[in-house]
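Each chain, letter by letter, is given below.
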Amino acid sequence: MEYIIKYTGDILSLGYPTELLDAQFAIMELENEDPERLLEHRQVTSFEPARRLSGLMAQGGPADPRSMEAACIPPVRREHGLTGQGVLIGFVDSGIDLNHPEFLGPDGASRVTALWDMTATEGTPPRGFRHGAAWSRAEIAAGRAESPDQSGHGTAVAAIAAGRSGAAPGASIAAVKLPSARTTDIMRAMKFLLDQAEERGMPCVINLSYGTNCGSHWGQTLFESYIDQSAQRGRSAVVCAAGNEGSGAHHFLGRLTENGVLDAEFTVSTRREQVYLSLWKSFADEAAFELVLPNGQSTGPLAEGTHLLRFGSIRVSVFYGVPTHYSVSQEVLFLLDAPPGALDGLWRLRCYGKKIADGRFNVWLPTVEEVSDRTAFLQPQPDLTITLPATALYPISVGGFRPETETVSPFSGRGIQDCSGRTLLDLTAPAEGVRSAKAGGGYDTFTGTSMAAPFVSGAAALMMEWGVVRGNDLFLYNQRVKAFLCKGAMRSPFLSYPNPQWGYGRLNLCATMDALVSHLERGV
């Protein structure tokens, strides 16, 4: 089992298989060791188990040729002569079809400058890592890299952002092929891509089109903390898809009352052998939770602690978390394990309020990519359905809209604004019927916020070429890129912003570049 470790001092001296990400974060592999014992070592300040993410895409739907125009990308390229030249766009995904014409330059040479296939069993991993095979530009050009993209997800995403018919056709490309989308793999990939950009002295955009519901959705996990820290490294920008949970009915919002009882009902219909519920509440609230199975059996009210119960072929595990130095909230994680189909039916999560100070709590089921929308809450709350890591503070979080009708995609993950004014969803981009490269050759249409994010990644690369590479704005990276994208976003006069569905509006690179030029002329 892998764990994200936050540490000080010499973490390697503990003797566990460890990969260092930076001076604060590492990935550690434990077999039979109790992870709680890690805290006995003064070097370990916090830890978190690796959790799985899913690609945020579905194939199909009629192609909409207006996607690039809807984002106002071609006019900007024509007016300013931008192609993304001098900027590296990194993709953390299912791989990339190295032979697809979209990723070949005019001379027929590959524009992919680096590739790390984490699934490879032969080859040399990047320095400091233990698995996979990394290939340089020369090795890729020589045809020595063999890394097919079986799902096609990464190929489609990369072509939208950096293909020769994409947003930034002159950008350099680096890619990481994931073995399975675990939080720890995403973290490894981000370090690799940022290292590649620094070695080349290039500004960098990283595209993440994966997501999970397992977390507080307020940036309170070690995973999100590392994403934030990485986004502040070098001249970079990180772009995250907001997920496809808007209409998935996978989020429940409740309020505990003193001595009150509240039921959160949900149906399960899946062939998966495990379903989780990630519940987050105020640590100040004292509560107990009970699971009632479809056959009427019950766990009984469960107070703080760890509980492992069996009901025939069904195993129920309940873990109460505790506040950490980076989170004042408390997670209660429910894991339901059973043979395929044995979990199906109507479940009840019964919530008992004891001593209540706040009362609000949120619960999430797995994403639609994991369990489909047939596993769902009966009374869901569609807001705060944005997935991790788009919930982290520094990335640019991207939802989706339909260019044909200029309406928000119903599946697009929704954000919310907290009491301090922080907005979780930044803007939207085309997400339906997007034509892109198909792994193995040719083209297909794709739908999902996975397809929206690379429009913004490509737009960010064009902005950074204009600002950093050409010297017009040497600080045009990170939050400054986000700020100008949000400033230029297209907004309706009939809605208030920031909006849970739209963020600050639709991607409009024309208005964003106009604002940048205006600020340059005014010397600000």
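Data block above holds the structure.
Cut-off values and rules
- Residues numbered from 1 in each chain as written.
- Predicted model: local features only at pLDDT ≥ 70, side-chain atom pairs only at ≥ 80, totals over all residues.
- Heavy atoms only, no water.
- Helix = DSSP H or I, 4+ residues; strand = E, 2+ residues; numbered from the N terminus.
- Contact = heavy atoms within 4.5 Å.
- Disulfide = S-S within 2.5 Å.
- Buried < 20%, exposed > 50% of the residue type's maximum accessible area, 1.4 Å probe, protein only.
- Pairing = 2+ DSSP bridges.
- 1 Å grid on protein atoms, 1.4 Å probe; cavity = no way out; pocket = protein on both sides within 12 Å on 5 of 7 lines; lining within 4 Å.
- Points joined across faces, edges and corners; volume = space filled by probe spheres on them.
- Nonpolar A, V, L, I, M, F, W, Y, C, P; charged D, E, K, R; others polar.

1. Topic: the side chain of Ser409
Now for step 1: Structurally, Ser409 can be placed in the loop between β25 (407-408) and β26 (427-430).
Now for step 2: Once residues lying within four places of it in the same chain are set aside, the contact partners of Ser409 are Gly400, Phe401, Arg402, Ala431 and Glu432.

2. Observations regarding the state of the cysteines
Now for step 1: A complete count under the given rule lists one disulfide for this structure.
Now for step 2: Across the disulfide from Cys72 sits Cys510; the S-S distance is 1.8 Å. The chirality of the disulfide connecting Cys72 with Cys510 is left-handed, given an S-S dihedral of about -80 degrees. Taken together, the residues span a long stretch of sequence, with Cys72 in the loop between α1 (67-70) and α2 (73-80) and Cys510 in helix α10 (residues 509-521) at a distance of 438 residues. Across the pair, Cys510 and Cys72 agree in class, each one buried.
Now for step 3: With no disulfide partner, Cys204 has as its closest neighbouring cysteine sulfur the one in Cys240, 13 Å distant.

3. Describing the sheet that holds strand β21 (residues 345-353)
Now for step 1: Spatial ordering of the open sheet is given by β17-β21-β15-β23, a layout of four strands whose pairing is antiparallel. For this open sheet the edge positions go to β17 (287-292) and β23 (376-377), each flanked by a neighbour on one side alone.
Now for step 2: One ladder, built from six bridges, connects β17 with β21; its direction is antiparallel. Within β21, the position partnered with Glu290 by the bridge is Arg350.

4. Details of empty space enclosed by the protein
Now for step 1: If you walk through the whole model with that rule in mind, you get two cavities of 30 Å³ or more.
Now for step 2: In this structure, the largest cavity occupies an estimated 40 Å³ of space.
Now for step 3: Every residue along the wall of the largest cavity is listed here: Glu48, Arg51, Thr183, Thr212, Cys214, Thr221, Phe223 and Leu388.
Now for step 4: The residue inventory of the lining of the largest cavity, partitioned by class, reads three nonpolar, three polar and two charged.
Now for step 5: Considering only enclosed or pocket space, the second largest cavity measures out at about 30 Å³ in volume.
Now for step 6: Surrounding the second largest cavity, Ala390, Ala392, Leu393, Pro395, Ser397, Arg422, Thr423, Leu424, Asp426 and Lys482 form its lining.
Now for step 7: Classifying every residue of the lining of the second largest cavity gives five nonpolar, two polar and three charged.

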